[in-house]
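# Fold and geometry: a report
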Amino acid sequence: MKNIFKLSLIGVIFLGGCATSVIPNNPVQVAKAQSPMMAPAPDHSGSVTKRLNDCIIHSNQSADALLADSQIIAVTRSNPHAKALFSSADKLTDQQAVALTNYLAEANSCRPIALEGLSPEKKAVYEDFFKKIDGVYADLIARKITIGVANQERQLLIQDARMKKLALQSKKN
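Fair warning: this is a prediction, and the values are worked out from it, not measured in the lab.

## Focus: unusual backbone geometry
A positive phi angle is found at arginine 143, which is not glycine, with a value near 65 degrees. On the secondary structure map, arginine 143 appears in the loop between helix H8 (120-141) and helix H9 (147-172). With a relative accessible area of 30%, arginine 143 lands in the partly exposed category.

## Some details on the pattern of salt bridges
Per the counting criterion, the structure on display carries 7 salt bridges. Where glutamate 116 meets arginine 51, a salt bridge forms, and the shortest distance between an N and an O atom there is 2.4 Å. A residue pair is termed long-range when its members are at least 10 positions apart, and glutamate 116 in the loop between helix H7 (111-115) and H8 and arginine 51 in helix H3 (residues 46-59) qualify at 65 residues. When its relative accessible area of 37% is taken as the criterion, arginine 51 is described as partly exposed. Each of the salt bridges in this network shares a partner with another, and the network as a whole consists of Asp128, Lys132, Asp160 and Lys164.

## Here we look at the environment of phenylalanine 86
Here phenylalanine 86 is to be found in helix H5 (residues 82-87). According to the relative accessible area criterion, phenylalanine 86 is buried, its value standing at 18%. For phenylalanine 86 and glutamine 152, which are 66 residues apart along the polypeptide, the C-alpha to C-alpha distance reads 6.2 Å. In this structure, phenylalanine 86 is in contact with Ala74, Gly148, Asn151, Gln152 and Gln155, ignoring residues within four places of it in sequence.

## Considerations on the state of the cysteines
This structure, assessed with the given rule, holds 1 disulfide. Between the sulfur atoms of cysteine 55 and its disulfide mate cysteine 110 the distance is 2.0 Å. Here the disulfide of cysteine 55 and cysteine 110 is left-handed, its torsion about the S-S bond being about -95 degrees. Placement of cysteine 55 in helix H3 and of cysteine 110 in the loop between helix H6 (94-108) and H7 is noted, with a sequence separation of 55 residues between them.

## With respect to the packing of H6 against H8
The contact between H6 and H8 brings their axes to 10 Å, and the two run at 160 degrees. Of the possible angle classes, the one that applies to H6 and H8 is roughly antiparallel. Of the two possible hands of crossing, H6 and H8 adopt the one that is left-handed. On H8, the residues touching Ala97, Leu100, Thr101, Leu104 and Asn108 of H6 are Asp134, Tyr137, Leu140 and Ile141.

## Details of H6
Taking 1.5 Å of rise per residue, the 15 residues of H6 would be expected to cover 21 Å, and the 21 Å separating its terminal C-alpha atoms lies within 8% of that figure. All buried positions along H6 are accounted for by Gln96, Ala97, Ala99, Leu100, Tyr103, Leu104 and Ala107. Buried residues along H6 cover an arc of 165 degrees about the axis, so they all sit on one side. Residues of H6 that are exposed and point more than 90 degrees away from the buried face comprise Asp94, Gln95, Val98 and Ala105.

Reading the values: rules and limits
Residues numbered from 1 in each chain as written. Predicted model: local features only at pLDDT ≥ 70, side-chain atom pairs only at ≥ 80, totals over all residues. Heavy atoms only, no water. Helix = DSSP H or I, 4+ residues; strand = E, 2+ residues; numbered from the N terminus. Buried < 20%, exposed > 50% of the residue type's maximum accessible area, 1.4 Å probe, protein only. Salt bridge = Lys/Arg side-chain N within 4 Å of Asp/Glu carboxyl O. Contact = heavy atoms within 4.5 Å. Disulfide = S-S within 2.5 Å. Axes fitted to C-alpha atoms, helices over the stretch in contact; angles between N-to-C directions. Parallel < 35°, antiparallel > 145°, perpendicular 65-115°, else oblique. Left-handed = near helix turned anticlockwise from the far one by under 90°. Expected span 1.5 Å × (residues − 1). Arc of directions from axis to C-beta.

Nothing here speaks to function; it is geometry throughout.
Set out below in structure tokens:
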């Protein structure tokens, strides 16, 4: 029952986000939308947010990042391939596995910046998310799961992390 509720909630949030999504044209907004991590939260200082955005922009400029976004992971909200990626029964090809591995190595270099200045509770949420998402990517690269399953699991993990952060914020208030 709990899983049905979560899936329903995520479905509503996902569909609601599709109905109201705005395509960003500012490079910083594009970087935030393309992040393989959670978007920077208001708990980061301005300088940390800028450094994180710069890191994300840099990591999303490679050919591997573009291949990953178009063929493997629906990272951007406006990704025209998202529907196909979420329902794909395909497993990674050798070329896709290499591209994803290279992209993740670059993107994951931004993680230490994302953890800067966070409270221990929020840092734990981020670290738990990173650990779980790394497992999804490892299963995808090892061809244990399909591209569609990886995208679905990734979306569930993002929503779970957001709910945990909101719960922490509501405890503080």
